[in-house]
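Notes for the structure review
Next come the chains, spelled out residue by residue.
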Amino acid sequence: MTIHANTSRKLIDQFGRQVDYIRLSITDRCDFRCQYCMSEDMTFLSRDEVLSLEECARIVRIFVQLGVNKVRITGGEPLVRKNALWLFEEVGQLSGLDQLVLTTNGSQLAKHALALKAAGVKRINVSVDSLQADRFKQITRTGDLTQVLDGLQTAINTGFDGIKLNTVLMRGINDDEAEDLVAFAVHKNIDISFIEEMPLGDVNHARDSTFITNQDTLKRLQSKYTLLPSTHHSGGPARYWQVANTATKIGFISPHSHNFCESCNRVRISCKGELFLCLGHEDKVELMPLMRMHPNDDQPIIDAIMNSMRIKPKGHDFDLKRAAPAVIRFMSHTGG
Ligand code: SAM
Ligand code: SF4
């Protein structure tokens, strides 16, 4: 294999921001159909339209050579991809990578938590939008809450560096559970993030009426808990609060606010190998054709990634009031 590695090269965009974090979606498929993420009758990509696991490993290796030290594997549901563990094992061995992390719906965690830990996964985000079985089923359409909570407990018992719940709150659907979800996180000694719903994908769901701001959620939680501003910062769109006298931090991920864009340190790679420079923009670089054209030479891919830094936008452009979604692609395709 020809390697023209220039390890001194870092990914710095035109605004001086260094990209040291990638999120890689390894499948658009999922065993759930969450209302805000997928339509009921999704058409999924065929196998050759999706990066092979070897291609996923190659992309991560190249990014790590370019100074990336944190990789999040996501989807769709990453753990429903056949042989996904092989990828975690490959990536977990890369020197220069400090943090291999995962976002999952938890349905397969009971089966895989131990192997994920052995592969080097440090942190896991588990998406849970409700603690009520019937409501959970309604939101996810196909999900089984007991299976997810078993998976979560197995992960807690396995002992990762961090486990966090991710919750999308929707007005009139699950916003009345904010306090209960925090109480659950406190009880389990884990963190929780509330994510504002983003206008991604045409999922036939009335976002204007269900959208709820994190400011409202914060106010609601402050009437029950003493929350202390935390200095913890992930480089992303989250602001954290410590629940007084507990181990639990609450994150508020507000993608509609522009506050986080100036410190943005990340890019996303879809399961089709599209490099998206910003969650709210269509600017992208197609890595899959380049990789297939140059199976033994990383340099054209390195060049494309370096050049992409020139088109990373300053900030996003979400607007819930638009009739059509600002960005048509599905979160499950791009990765959350
Ligand atoms: N299947 C995994 C899961 O659910 O955690 C990983 C992929 S999922 C796309 C990643 C995260 O994106 C989840 O926490 C999910 O709640 C969130 N998500 C999906 N669609 C969203 C949307 N339209 N707005 C905000 N968050 C969304
Ligand atoms: Fe699947 Fe995650 Fe999307 Fe829900 S949010 S449908 S679990 S990819």
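These figures come from a predicted structure and were not determined experimentally. (Residues numbered from 1 in each chain as written. Chains lettered and ligands numbered in written order. Predicted model: local features only at pLDDT ≥ 70, side-chain atom pairs only at ≥ 80, totals over all residues. Heavy atoms only, no water.)

The next subject is the packing of helix α6 (residues 178-188) against helix α8 (residues 214-222). It is at 10 Å that the axes of α6 and α8 come closest, and there the two elements cross at 65°. As the angle between them shows, α6 and α8 are arranged roughly perpendicular. Where α6 crosses over α8, the handedness of that crossing is right-handed. Each of A178, E179 and V182 in α6 lies in contact with α8, whose residues at this interface are T217, R220 and L221. In terms of residue class, the contact of α6 with α8 is made up of three nonpolar, one polar and two charged. (Axes fitted to C-alpha atoms, helices over the stretch in contact; angles between N-to-C directions. Helix = DSSP H or I, 4+ residues; strand = E, 2+ residues; numbered from the N terminus. Parallel < 35°, antiparallel > 145°, perpendicular 65-115°, else oblique. Left-handed = near helix turned anticlockwise from the far one by under 90°. Contact = heavy atoms within 4.5 Å. Nonpolar A, V, L, I, M, F, W, Y, C, P; charged D, E, K, R; others polar.)

Around ligand 1, a shell composed of 19 residues is seen, among which Y36, G76, E77, S127 and M198 lie nearest. Y36 is positioned such that a nitrogen or oxygen atom in its side chain is 3.0 Å from an oxygen atom of ligand 1. Between ligand 1 and E77 there is a distance of 3.2 Å, counted from a nitrogen atom to a side-chain nitrogen or oxygen. Here ligand 1 loses 96% of its free accessible area of 540 Å² to cover by the protein chains. Elements that contribute at least two residues to the shell around ligand 1 include exactly β3 (99-104) and β5 (162-168). Classifying every residue of the shell around ligand 1 gives six nonpolar, nine polar and four charged. (Near = heavy atom within 4 Å. Polar contact = N/O pair within 3.5 Å; in protein donor to acceptor, adjacent residues only side chain to side chain. Areas by Shrake-Rupley, 256 points an atom, 1.4 Å probe, with all protein chains shown as cover.)

The subject of this paragraph is the state of the cysteines. Enumeration according to the criterion identifies zero disulfides in this entry. Cysteine C271 shares no disulfide, and the gap to the nearest cysteine sulfur, in C56, comes to 8.6 Å. For C271, a relative accessible area of 0% translates into the label buried. (Disulfide = S-S within 2.5 Å. Buried < 20%, exposed > 50% of the residue type's maximum accessible area, 1.4 Å probe, protein only.)

A few words on α6. Listing the buried residues of α6 in full gives A178, E179, L181, V182, F184 and A185. Contact partners of the buried residues in α6: α5 (145-158), β5, β6 (191-195), α8, β8 (238-243) and β9 (249-253). Remark: N189 follows α6 within two positions and exhibits a positive phi of approximately 60°.

Looking now at unusual backbone geometry. For N189, which is not glycine, the phi torsion reads 60° and is therefore positive. Examined against the element boundaries, N189 turns out to sit in the loop between α6 and β6. The exposure class of N189 is exposed, given its relative accessible area of 54%. In this structure, N245 takes a positive phi of about 65° despite not being glycine. Of the residues examined, N245 reaches a relative accessible area of 84% and is grouped as exposed.

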